[in-house]
Amino acid sequence: MNAPMRQAATAGTPVIAVENVTVRFGGIVALDGIEFDIHEGEILGLIGPNGAGKTTLFNCLSRLYTPNDGDIRFNGTSILGEPAHRIAGMGIGRTFQNVASFSNLSVRDNIRVGAHSASRSDPVSDALRLPWVRKGERDIDARVQELIDWLELNEVADLPVSGLPFGTQKRVEMARAMATEPKLLLLDEPAGGLNHDEVEELGKLIKMVRDEKGVTVLLVEHHMALVMSVSDRVVVLNFGRKIAEGTPEEVQKNPEVIAAYLGGDE
C-alpha cells in the first residue's frame, strides 16, 4: 500500500467496526469479545487454526448469524438490525468458500445476478417495464460488461460456468460479488482448490480490487503465503479469542500465534 493510502486507512470512521462481539452456541463460546476495525482502502487478513471462530465471525458480518453480545458497525451504523438479503444493497459484497455460482447459467448471467441483487427493482415494476427499470437494465448491462472486460472473461462470457476451469469459476464469483458495487468485499477462503499459479493470480486480483476499484477487503484465508503477501494488517483468532493484530511481519513473529499454529504452551 502506498503512503497516501496508508494514511487514509487509519483516519476517520472505520468501514467496519467489530465491537466486543460474542457468539454462543449452547454452552460453547464460538467468539469471545472480538474487537477490531477495518479502515477504508485496507486489506485486512483474518486467520486462525481450524475452529478459531473465523467462519462464525464472517457469518456475523454477512448477517447469517446474530451475536449474543456486541455490535458490528458499517460506516458508523449498526448492521445487526438488517436481514441478510439487505447486506448487498448496503454496500457489503461477499464470495463463498465453495464456489456458489449458478452452474447452468452463463458467465454473463451469473454476474448479472450480482448486479440485480443490489438494484432497487421489484417484480411489479419489472413486469410493467417502467422507464426507470429499462434504464436500470441498461446500466446493469454496462456494469456487467465492464467487469467482464476488467477480469478478462470475454472469451468465456457466454459459456455456462459449469464447464469452466475452477480458477476461472473463482474469477466469475469475484465478478459477481463486485457487480454489487461493494464498499467492503468479504472474501471467504478464495484460494481453496487453487494451484500455485492460480493463487499468485488471485493475490494480484485482490490488490486490483483495492487499488483500481477502491474497495476495502476482509480476507478470511488458510493460505498463509497469500494472506501475508496482500494484507496490510492481520487479525488472528484462536478458540474464539483475538490473540494478535498487526502487520504481517508483526503477526508472524508473535509467540502466541506461533504456539497456536505449531502447538505448545501459550
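Here, the structure is the one placed above.
What you see is a predicted model, and the numbers here were worked out from it, not measured in a lab.

A. Spatial organisation of the pattern of salt bridges. On inspection of all chains with the given rule, the structure shows 18 salt bridges. Its salt-bridge partner being Asp 188, residue Arg 94 comes within 3.4 Å of it at the nearest N-O pair. One end of the pair, Arg 94, is in strand β6 (residues 92–94); the other, Asp 188, is in strand β7 (residues 184–188), with 94 residues separating them in the sequence. Using a relative accessible area of 17% as the deciding quantity, one classes Arg 94 as buried. Through salt bridges that share partners, Glu 42, Arg 233, Lys 242 and Glu 245 make up one connected network.

B. A look at unusual backbone geometry. Even without being glycine, Arg 63 reaches a positive phi, approximately 70 degrees. Considering the arrangement of structural elements, one finds Arg 63 in the loop between α2 (54–61) and β4 (69–74). Despite not being glycine, Glu 181 shows a phi value in the positive range, around 55 degrees. Considering the arrangement of structural elements, one finds Glu 181 in the loop between α7 (166–178) and β7. By relative accessible area, which is 52% here, Glu 181 ends up exposed.

C. Quick look at the layout of surface pockets. Its boundaries defined by the atoms lining it, the second largest pocket holds a volume of some 370 Å³. In terms of lining, the second largest pocket is formed by 20 residues, of which the most central are Leu 151, Arg 171, Glu 201, Leu 202 and Leu 205. Elements that contribute at least two residues to the lining of the second largest pocket include exactly α7 and α8 (196–213). Top element by residues in the lining of the second largest pocket is α8. It accounts for seven residues. When the residues that make up the lining of the second largest pocket are grouped by side-chain class, the tally is nine nonpolar, three polar and eight charged. Here the lining of the second largest pocket gathers at least three residues from each of two domains, domain 1 (1–91 + 182–266) and domain 2 (102–175).

D. Geometry of the sheet that holds β6. With mixed pairing, the six strands of this open sheet are ordered in space as β6-β7-β8-β3-β9-β10. Both outer strands of the open sheet, β6 and β10 (241–246), are each paired with one neighbouring strand and no more. The average undirected angle you get between the axes of adjacent strands in this sheet is 20 degrees. Of the strands in this sheet, β3 (43–47), β9 (233–238) and β10 touch helix α11 (residues 255–262), which is tilted by about 125 degrees from β10.

E. Representation of α2 in the model. Across the eight residues of α2, seven count as buried, placing the element largely inside the fold. Every buried residue of α2 is listed here: Lys 54, Thr 56, Leu 57, Phe 58, Asn 59, Cys 60 and Leu 61. A positive phi of about 70 degrees marks Arg 63, the residue just after α2.

F. Representation of the sheet that holds strand β2 (residues 28–38) within the structure. Strand order in the open sheet made by the four strands is β2-β1-β4-β5, with antiparallel pairing throughout. Edge positions in the sheet fall to β2 and β5 (77–78), since each has one partner strand and no second. Across seven bridges, the pairing between strand β1 (residues 16–25) and β2 is antiparallel. Each bridged residue has a counterpart across the sheet, and for Val 21 the counterpart in β2 is Ile 34. Against the sheet, α2 makes contact with β1, β2 and β4, and its axis sits at roughly 120 degrees relative to β1, the strand it touches most.

G. Examining the environment of Gly 163 more closely. With respect to the element layout, Gly 163 can be found in the loop between α6 (131–150) and α7. As for Gly 163 and Ser 106, which are separated by 57 residues in sequence, their C-alpha atoms are 9.9 Å apart.

H. Structural detail: the packing of aromatic side chains. Per the counting criterion, the structure on display carries one aromatic pair. The ring of Trp 150 is capped by Lys 213, whose NZ or CZ atom sits 4.8 Å from the centre of that ring.

I. Inspection of the environment of Thr 66 at higher detail. Topologically, Thr 66 is positioned in the loop between α2 and β4. On the basis of relative accessibility, which here comes to 48%, the residue Thr 66 falls in the partly exposed class. A distance of 3.1 Å separates a polar atom in the side chain of Thr 66 from a polar atom in the side chain of Arg 63.

Cut-offs used in this document
- Residues numbered from 1 in each chain as written.
- Predicted model: local features only at pLDDT ≥ 70, side-chain atom pairs only at ≥ 80, totals over all residues.
- Heavy atoms only, no water.
- Salt bridge = Lys/Arg side-chain N within 4 Å of Asp/Glu carboxyl O.
- Helix = DSSP H or I, 4+ residues; strand = E, 2+ residues; numbered from the N terminus.
- Buried < 20%, exposed > 50% of the residue type's maximum accessible area, 1.4 Å probe, protein only.
- 1 Å grid on protein atoms, 1.4 Å probe; cavity = no way out; pocket = protein on both sides within 12 Å on 5 of 7 lines; lining within 4 Å.
- Points joined across faces, edges and corners; volume = space filled by probe spheres on them.
- Nonpolar A, V, L, I, M, F, W, Y, C, P; charged D, E, K, R; others polar.
- Domains from an automatic or database assignment.
- Pairing = 2+ DSSP bridges.
- Axes fitted to C-alpha atoms, helices over the stretch in contact; angles between N-to-C directions.
- Contact = heavy atoms within 4.5 Å.
- Phe/Tyr/Trp six-rings, centres within 6.5 Å; stacked < 30°, edge-to-face > 60°.
- Lys NZ or Arg CZ within 6 Å of the ring centre and 35° of its normal.
- Polar contact = N/O pair within 3.5 Å; in protein donor to acceptor, adjacent residues only side chain to side chain.

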